[in-house]
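Observations on the three-dimensional arrangement
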Amino acid sequence: MRGFLLFIGYSSYIGSVGDGLLGMYALWVLISNNLALLSLSLNDFLAQYVEFIYWVKQVAFYVMPQGFANWLFGIPAAIYFPVRILMSLVIGWWAVKKAKQLKVERY
């Protein structure tokens, strides 16, 4: 269980870095267009600007209810990425904290 929690924790931290880079790119796209694309959805951002990871949408539709996935990909990218980064950091912190507690309790 400890190994699984460490995997979740560090994966969340690493994923936050990737999300941060994508979020900064989305912000750059918005600023370079004079914020005209402020409502640029996550779906449109992935489809138009980072096509190489657009496959993530298909995975989301496979693992999530269709209504939730549609809602998620309709969120503006400028809102999605900061929230996702914060959630990933909280989940990573929690998982690493729990893994450390398991290590202490075991000895």
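The structure this text deals with has already been given above.
**Quick word on the pattern of salt bridges**
Overall, the coordinates contain 1 salt bridge when judged by the stated rule. The residue Arg84 makes a salt bridge to Asp19 at a minimum N-O spacing of 2.7 Å. Here the residue Arg84 occupies a position in helix H5 (residues 77-106), and Asp19 occupies one in helix H1 (residues 2-32), the gap between them amounting to 65 residues. By relative accessible area, Arg84 is classed as partly exposed at 36%.

**Considering the packing of aromatic side chains**
How two aromatic rings sit relative to each other is set out by the distance from centre to centre and by the angle between their planes. Counted by the stated rule, this structure contains 9 aromatic pairs. Seen in terms of ring centroids, Tyr25 and Tyr49 are 6.5 Å apart; in terms of plane orientation they differ by 80°. Their pairing is edge-to-face. You can see Tyr25 sitting in helix H1 and its partner Tyr49 sitting in helix H2 (residues 42-49), a full 24 residues away along the chain. Under the relative-accessibility criterion, Tyr49 is labelled partly exposed at 28%. Aromatic pair Phe68 and Trp71: ring centres 5.5 Å apart, planes at 35°, arrangement tilted.

Rules of the game
- Note that residues are indexed from 1 along each chain, following the sequence as it is written.
- Where local features are concerned, this predicted model is filtered to residues with pLDDT of at least 70; where side-chain atom pairs are given and counted, the filter is 80 or more; whole-chain, interface and lining totals use all residues.
- Only hydrogens and water are set aside; all other atoms, that is, all heavy atoms of the structure, feed into the side-chain values.
- When a carboxyl oxygen of Asp or Glu lies within 4 Å of a side-chain nitrogen of Lys or Arg, that pair is called a salt bridge.
- Here a helix means four or more residues in a row that DSSP labels H or I, a strand means two or more in a row labelled E, and each is numbered from the N terminus.
- For the exposure calls, accessible area comes from a 1.4 Å probe over protein chains only, and a residue counts as buried if that area is under 20% of its type's maximum, exposed if over 50%, partly exposed in between.
- Stacked, edge-to-face and tilted are the three classes for Phe, Tyr and Trp ring pairs, Trp counted by its six-membered ring, which pair at centre distances within 6.5 Å; planes under 30 degrees apart are stacked, over 60 edge-to-face, the rest tilted.

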